[in-house]
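Examination of the molecular architecture
Below are the chains, spelled out letter by letter.
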Amino acid sequence: MALTASDVPAMYSLLSNSMSADHRLRGPAEEALAQSESRPGFCSCLLEVITAKDLAPQTDVRMMATVYFKNSVNRYWRHRRDSSGISNEEKMHLRQKLLTYLREENDQIALMLAVLISKIARIDYPKEWPDIFLVLSQQLQSADVLASHRIFLILFRTLKELSTKRLTSDQRNFAEISSHFFDYSWRLWQSDVQTILHGFSSLSQNCNLNAEDQPHELYLTCERWLLCSKIVRQLVISGFQSDSKCFQEVRPVKEVSPVFLSAIQSLLPYYSSFQKQYPKFWDIVKRACTKLMKILVAFQGRHPYSFGDKFVLSSVMDICLNKITDPEPYLLSFEQFLIQCMVMIKNILECKEYKPSVTGRVMDENGVTLELMKKNISSAVGGVLTSLLPTERIVHLCNVLISRYFVLTANDLEEWYRNPESFHHEQDMVQWTEKLRPCAEALYIVLFETNSQVGAIYTSQLLGPVVVSLLQESMNNCPTSVTEITPALLLKDAVYGATAYVYYELSNYLSFKDWFNGALSLELSNEHPNLRIIHRKVAVILGQWVSEIKDDTKRPVYCSLIRLLQGKDLAVRLAACRSLCLHIEDANFSEREFVDLLPVCWDSCFKLFEEVQEFDSKVQVLNLISILIGHVSEVIPFANKLVQFFQKVWEESSGESLLQIQLLVALKNFVVALGYQSPICYNILLPILENGIDINSPDELNLLEDSMLLWEATLSHAPSMVPQLLQYFSRLVDIMERNFDHLQVAVNIIEDYIILGGNDFLSMHATNIAKILDLVIGNVNNKGLLSVLPVVDILVQCFPMEVPPLISSTLQKLIVICLSGGDDHDPSKTSVKASSAAILARLLVMNTNSLAQLASDPSTSLLLQTASIPVQENILLCLVDIWVDKVDNVSSIQKKTIGLALSIILTLRLPQVLDKLDQILSVCTSVILGRNDDLTEEESSGDMGSSASPDEGTIPSKEFRKRQIKFSDSINQLSLEECVKENLQTCAAIHGESFNAAMSSMHPSAFAQLKQALKMP
């Protein structure tokens, strides 16, 4: 039954009770509302509650009504099969009423209503609601400040929602909105900014006005103007195709940008004058200047060519550079604005559209290509940039960035004292667009990396000597003996940072060895607490300059980092921790110079892990331990300490999945480092592994991938199979039943179990193996099949009598794969068919009856019929054609296997065999004659490795076991020549004169080669 106006009081009561702290009222109310959601009239009742004048003070109930209204729009506005939804009549009523209720005084409810309208417009515009923008623009003509603010809030939300629609038709609709609505919005923006500037001027002259008396109407006008700014941005960004793609000028960019810039310059002086007396308007100034500069950044990113106009680019860049290098005193505290100025300069310097084109061009019949247009525009913009960035201005910018923005402030030092861990991570992990110093550092690095040409030299060549000179000057002004935190010391810290960030550009101008011996090592010898500032930056330098540290300096650098790791300040120790990671992972890491430092390094890591409190710090230290384990050979002497450490970390990391992931990586490296002594860590390893591969574990989603890699490493380095590991295999079935995301690792694990577990594994998990293979084969793509087929092959090889009956379903699928077509132009499918054919050939050789039974099984024929594969003759004879066709697509041992299988076919009591006799003998001949020249490198190494046995007392490695299995392969023991000879005789006895006739029809040269291969007289 539909809800009507008479149900509004009941609806109000339900909404009120749904927020009650008494669950006896709340529960039934929520249930009743949930049941009413799909009833006709529900949204209309909610809207009556929201708009009722007598309920205006009941903000919480009205807010709850907007929430239910929004949820109902999301669920029922579109027509659904399982619900009648909202009728067209009710939708029309709701749309009309929403656009007439424009004076909501509560800001939060007004915002929710704007969001509501935008959600409806996304679905209904333009077909069902074509006049939404017309109605709103008409309402603006007579609206007061409050109503106009609410209208602009609706417009902004609606345009933002529509701009996210990606269909071509939707983008075309938005472009049409932009063409009609831009001029109106832009005129209103210009009118409002004049009103605001006039109002601000009056406020600045009226010093007697109290904060409480600040004009509310002017404040609403400011808010409306900010919304209008966002609307203009949305129209220009989303309403026009990027000019970097269409090469068409976007007029509004050239029209709007200079005016935005002028508004910023007019508003900025009020930043200092309003701060104490008019905090509300000071906040407006802050938001406006930052937002307008952000919009200009967005314009440049979306429409770089239109923004590259000399009147736009030159004025924007000039002002941004001036504000960065020579700001008014009050601007130094306006960090968000300075950040946007730096972002603008950085983006312009990095903009690929402004780079000279290095591609050639092909003239078309029209004479001018898009590439030529791009080249012309880029050249013009390049000229503007060159004029704006002469040598002296670039050098000045570089100096200012280092000496002003890199320097630690009093607030930075206070934060460091208060929480050194947070300070360390904020410096390293904060988004560069969020804080002033990281932003300045990013701009500084871009000055070097863009490598643009200034006059006859590149910026990196220009700035390298400048930075080195600044370094020398700062060290002279602040010797290593200075311990007071002076401006000179802070400047030296800043210059050290600058030198660390662009080490790759400074190595031509600065000898690291001389710098380290002459200054850095001396800095570290001074243990004064204040020197932690310099020590932290030295730790960063030692990590960043790792590629420039030569052999004769490695040892003292390693010692310095270990000493820093043992220090008292956590920020310094964490910086040293990160730099040690860089050194140990470096391709030129010298373990010989580091090995005697390992004991103190391990102990320092364990101690640091205990002392740090923050999650990021623990992950960083654990990462160093993991890297150490993976890169040094001396791990076993410290195994007991590491086992105790890992046990403690696992116990303390409950619920911290990211920390547990890092621990799993470290454990994997630990197992690999221990090799066949890995069972000494099984007491902690196996419980952790069991938890990680349990798909019902709460943290399974985060831990499974790394747990499977640990599982694989554990099996690969196990000296023998232990009962716990043997039991874990059933977990692999659960994992594979869910998805194939970890297929390759799963294949490696199965192979490890076969090699390590042998008959015990097969007897316990035969059903599980069959289930996994049946699950995978036929349900993965060719790449997946190629990864899993070797497992089938090794199973048949190791257990030729036991396995085929267990995996008959899988083998039937391989027959279907072999006999299916469609691989003529698909190399991966050809590889799959060839590998499948080789497995079936092995089965025929090692267990002839099994393949014969499989081929004659009615279920196999039914499977082929289901796959629409016509089979006109015996399936074994069909496989002969596949073996003959694919013999050139397989490895040497597989060729021999196919040759042996074809020789067995000769013994079949089928007359059709003689029809294929020529092809069979041709393949066997080529395999025999080509065998000596066709050994693969893998098989050669396998044969050589198998001739030597491990030293007495050592445990065979996984690779050795694999080679042993290959060497003991019965295929290697069989002589193809003898098999062909013997089976030819059998064939002759079966077919008599028909055989002789078939042999006599062979081409003389083919027959001569056969005789040569079989060494027949």
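Scroll up to find the structure.
Scope of this entry: the structure provided in the associated data block. All of these numbers come straight from a predicted model, not from anything done at the bench.

Turning our eyes to something else, we now look at the overall build of the chain. Each helix and strand in the chain was counted, giving 54 helices and two strands. Relative to its length of 1017 residues, the chain is extended, with a C-alpha radius of gyration of 39 Å against a globular reference of 31 Å. Taken along its principal axes, the extent of the C-alpha atoms in the chain is 120 × 85 × 80 Å. Taken over 1017 residues, the chain has a buried fraction of 53%. A sequence separation of at least 24 residues applies to 76% of the contacts in the chain between residues at least 6 apart. Accessible area of the chain: about 45,600 Å², with a carbon and sulfur share of 50%.

Helix H14 (residues 279-302) packs onto helix H9 (residues 168-205) with a crossing angle of 140° between their chain directions and a minimal axis gap of 13 Å. It follows from the interaxial angle that H9 and H14 lie oblique. H14 is crossed by H9, and the crossing has left-handed handedness. Residues Trp189, Phe200 and Leu203 of H9 lie in contact with H14, whose contacting residues are Phe281, Ile284, Val285 and Leu292. Grouping the amino acids of the contact of H9 with H14 by side-chain chemistry returns seven nonpolar, no polar and no charged.

Examined against the element boundaries, serine 474 turns out to sit in helix H23 (residues 459-477). A relative accessible area of 3% places serine 474 in the buried class.

A cis amide bond links tyrosine 125 to the next residue, proline 126, at an omega of 0°. Topologically, proline 126 is positioned in the loop between helix H6 (107-124) and helix H7 (132-141). One non-glycine residue with positive phi stands out, namely serine 868, at about 60°. Residue serine 868 is classed as exposed on the basis of its relative accessible area of 63%.

Here we take up the packing of helix H8 (residues 145-163) against H9. Axis separation between H8 and H9 bottoms out at 13 Å; the angle between their running directions is 150°. When the axis of H8 is compared with that of H9, the two are roughly antiparallel. Considering the relative orientation of H8 and H9, their crossing is left-handed. Residue-level inspection shows Phe152, Leu155, Leu159, Leu162 and Ser163 of H8 in contact with H9, the latter providing Phe174, Ile177, Phe181 and Leu188. When the residues that make up the contact of H8 with H9 are grouped by side-chain class, the tally is eight nonpolar, one polar and no charged.

Turning to its location among the elements, glutamate 656 is positioned in the loop between helix H33 (639-652) and helix H34 (657-674). Taking the C-alpha atoms as reference points, glutamate 656 and phenylalanine 615, 41 residues apart in sequence, are found 8.3 Å from one another.

Counted under the stated rule, the structure contains 42 aromatic pairs. On the basis of an interplanar angle of 80° and a centroid distance of 5.7 Å, the ring pair of tyrosine 496 and tryptophan 515 is categorised as edge-to-face. With tyrosine 496 in helix H24 (residues 487-501) and tryptophan 515 in helix H26 (residues 512-525), this residue pair connects regions lying 19 residues apart in the sequence. Under the relative-accessibility criterion, tyrosine 496 is labelled buried at 0%. The interplanar angle of 85° and the centroid separation of 6.2 Å between the aromatic rings of tryptophan 711 and tyrosine 753 together place this pair among those described as edge-to-face. Residue tryptophan 711 is found in helix H36 (residues 700-716), and its partner tyrosine 753 is found in helix H38 (residues 743-776); the two are separated by 42 residues along the sequence.

Within an α-helix, residues lying three or four positions from one another point in the same direction, as the helix has 3.6 residues per turn. Between its first and last C-alpha atoms H38 spans 9 Å; for 34 residues at 1.5 Å apiece the expected length is 50 Å, and the helix comes up short by more than 12%. Of all the bends in H38, the largest measures some 115° and sits at glycine 757. Of all 34 residues making up H38, 24 are buried, and the element is well covered by its neighbours.

So, how was this worked out
Residues numbered from 1 in each chain as written. Predicted model: local features only at pLDDT ≥ 70, side-chain atom pairs only at ≥ 80, totals over all residues. Heavy atoms only, no water. Helix = DSSP H or I, 4+ residues; strand = E, 2+ residues; numbered from the N terminus. Rg over C-alpha atoms; globule rule 2.2 N^0.38 Å. Buried < 20%, exposed > 50% of the residue type's maximum accessible area, 1.4 Å probe, protein only. Contact = heavy atoms within 4.5 Å. Areas by Shrake-Rupley, 256 points an atom, 1.4 Å probe, with all protein chains shown as cover. Axes fitted to C-alpha atoms, helices over the stretch in contact; angles between N-to-C directions. Parallel < 35°, antiparallel > 145°, perpendicular 65-115°, else oblique. Left-handed = near helix turned anticlockwise from the far one by under 90°. Nonpolar A, V, L, I, M, F, W, Y, C, P; charged D, E, K, R; others polar. Phe/Tyr/Trp six-rings, centres within 6.5 Å; stacked < 30°, edge-to-face > 60°. Expected span 1.5 Å × (residues − 1). Bend = angle between axes of the 7 residues up to and from the residue.

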